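Per-entry structural report
One letter stands for each residue in the lines below.
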Amino acid sequence: MFANNQVDAVNAALKGWKRNDQELPGNAPKELRAWVAQHKVIPNWIDMDAARRGFKFVTDNAVVMYSIVGFGELFESLADPLLARAVYQANFDLVNDPGMRLARTLGATWTALDDGNLDPKGALVPVTVKLRLVHSAARHSILAGGAWSNERDHWPISQRLELEELLLLTSWTVDKMAKLGVKVTKADADDVNEAGRLFGYMLGIKKEYLPTNADQARQVITDVQRHYQQPSPEGTYFSAMMTREYGRKLLFPDACNFAMGFSRILLDPGEADMLAIPKSPVWEWLLSTGAPLVFGPAQQALAAFEPLQVLHQQLFGFALNIFTEYANNWRSQELQLPTGMHGPATAPPPPPKASLWCEIPTGSSESGSN
């Protein structure tokens, strides 16, 4: 589609596509229509009952899981230089715009993972198609720049990065719930993994790469951490940008140090140091001590009373919608392909000074984030 200059036509077709039961408009490129029709078919190797239970677990535990995603998973992914570089070198949307990255990640995943996502009025298919295309555009810059070769590196970059992002969003996030005082059973973890297998299939991950249970997912994450994580200018740059953005958007004193402390208690110490996230001893102690006293009893109450679960889901969805609009400065959150990619960045960003983590990092711009 890039080669045939069809990006504008694809974006126009995707813009109004919101629900599973909608068809793409007639003016959509025929290649896109054929691809989406194939994409809608759910394979029989997905355990749909387990996947539905997994999606329900996400919505029943939305507050704690999305706290982990926002302050943990979005930083954890930056510890992989290839993933951080894919975002930076793509040179569109997310660069220097952490508010948009936060809003689109939280908003899109909530829309795609909520337990009504498989209904005709749900949005699993449109959201995953759009995410898959946007992620593909980012990976395109890595391939063009030579940082990855499917032949040299022995497996497709689409599988390598998409699988990592999927498992951090699902298995890694579920395992971190214990740090916030929420107990997760093996059955729950396996159900979330099965929901992730469905989500991953829709994102284009092949069956042979998708873990069949939570234990396998943990092993893959361990392998990623051991073999791929290392410091990078791009990872440090984006970590500083996101922390600074939290400090601006969370309207209470010392919000930036709160964000750094929250991230450090969720990440392993070596990962936080790898991203050069400054220590915030007071907030680290307060959060590691106090968060379990809040999240644990709250989740026990939700589990005990079904009506509370429904109310929690509705209120969370409403609050998340307002927060993502605010985080994105009330701009469109529509997932669109970039129309002006400039190719790989000529040089990595300069490292932000420690004193600027809660301000504007050296070398950044304010494009789109005010």
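This text gives an overview of the structure that appears in the document. (Residues numbered from 1 in each chain as written. Predicted model: local features only at pLDDT ≥ 70, side-chain atom pairs only at ≥ 80, totals over all residues. Heavy atoms only, no water.)

**Considering the overall build of the protein chain**
A tally of regular secondary structure across the protein chain gives 15 helices and zero strands. Each of the 370 residues in the protein chain was classed as buried or not, and the buried ones make up 53%. Pairs at least 24 apart in sequence give 78% of the contacts found in the protein chain among residues at least 6 apart. Element-wise, carbon and sulfur atoms account for 58% of the exposed surface of the protein chain, whose accessible area totals about 16,100 Å². (Helix = DSSP H or I, 4+ residues; strand = E, 2+ residues; numbered from the N terminus. Buried < 20%, exposed > 50% of the residue type's maximum accessible area, 1.4 Å probe, protein only. Contact = heavy atoms within 4.5 Å. Areas by Shrake-Rupley, 256 points an atom, 1.4 Å probe, with all protein chains shown as cover.)

**Quick notes on helix α14 (residues 281-304)**
Helix length check: α14 (24 residues) gives 35 Å between terminal C-alpha atoms against 34 Å at 1.5 Å per residue, within 8%. At G290, α14 shows its strongest bend, of approximately 35°, with the proline P292 following within four residues. Those residues of α14 not exposed but buried are L287, A291, F295, G296, Q299 and L302. On its buried face, α14 is in contact with α3 (48-60), α4 (62-76), α12 (255-266) and α15 (306-327). (Expected span 1.5 Å × (residues − 1). Bend = angle between axes of the 7 residues up to and from the residue.)

**Describing the nonpolar core**
Most often, soluble globular proteins have nonpolar side chains that are buried together. Among the nonpolar cores identified, the biggest contains 99 residues, and L180, F199 and Y246 are the most heavily contacted of them. Here Y246 is in contact with G70, F71, L74, F75, L102, A255 and A259, once residues within four sequence places are set aside. (Core = buried A, V, L, I, M, F, W, Y, C linked by side-chain atoms within 4.5 Å.)

**Structural notes on α4**
In the structure, α4 departs most strongly from a straight axis at V69, where the bend amounts to approximately 45°. Most of α4 sits out of view: 14 of its 15 residues are buried.

**Points about the side chain of Q309**
Here Q309 lies in helix α15. For Q309, the contacting residues outside a window of four places in its chain are K56, D60, L302 and A303.

**Some words on the side chain of T173**
Structurally, T173 can be placed in helix α8 (residues 157-176). Within the structure, T173 has its side chain in polar contact with the backbone oxygen of L169 (distance 3.2 Å). Non-local contacts of T173, meaning those with residues more than four positions away in its chain, are made with M65, I68, V69, E73 and L168. (Polar contact = N/O pair within 3.5 Å; in protein donor to acceptor, adjacent residues only side chain to side chain.)

**With respect to the environment of L166**
Assignment of secondary structure puts L166 in helix α8. On the basis of relative accessibility, which here comes to 4%, the residue L166 falls in the buried class. The spacing of L166 and F199 is 33 residues in sequence and 8.1 Å in space, taken between C-alpha atoms. If sequence neighbours within four positions are ignored, L166 has contacts with G196, F199, G200, I205 and L210.

**Examining the packing of α4 against helix α11 (residues 233-249)**
Following both chains from N to C, one finds α4 and α11 inclined at 165°, their axes separated by 11 Å at the closest point. As summarised for this structure, α4 and α11 are arranged roughly antiparallel, according to the angle between their axes. Once α4 is placed against α11, the crossing between them reads as right-handed. Residues G70, F71, L74 and F75 of α4 touch α11, and the partners they reach there are S239, M242, T243 and Y246. (Axes fitted to C-alpha atoms, helices over the stretch in contact; angles between N-to-C directions. Parallel < 35°, antiparallel > 145°, perpendicular 65-115°, else oblique. Left-handed = near helix turned anticlockwise from the far one by under 90°.)

**Section: the pattern of salt bridges**
In this structure the tally under the stated criterion is 15 salt bridges. Across the salt bridge formed by D21 and R19, the nearest N and O atoms sit 2.8 Å from each other. Residues D191 and R53 are paired through a salt bridge, measuring 2.9 Å at the closest nitrogen-oxygen approach. Of this pair, D191 sits in helix α9 (residues 186-202) while R53 sits in helix α3, and the two are 138 residues apart along the sequence. Exposure remark for D191: the relative accessible area of 10% places this residue in the buried category. Through salt bridges with shared partners, a single ionic network connects D80, R160 and E164. (Salt bridge = Lys/Arg side-chain N within 4 Å of Asp/Glu carboxyl O.)

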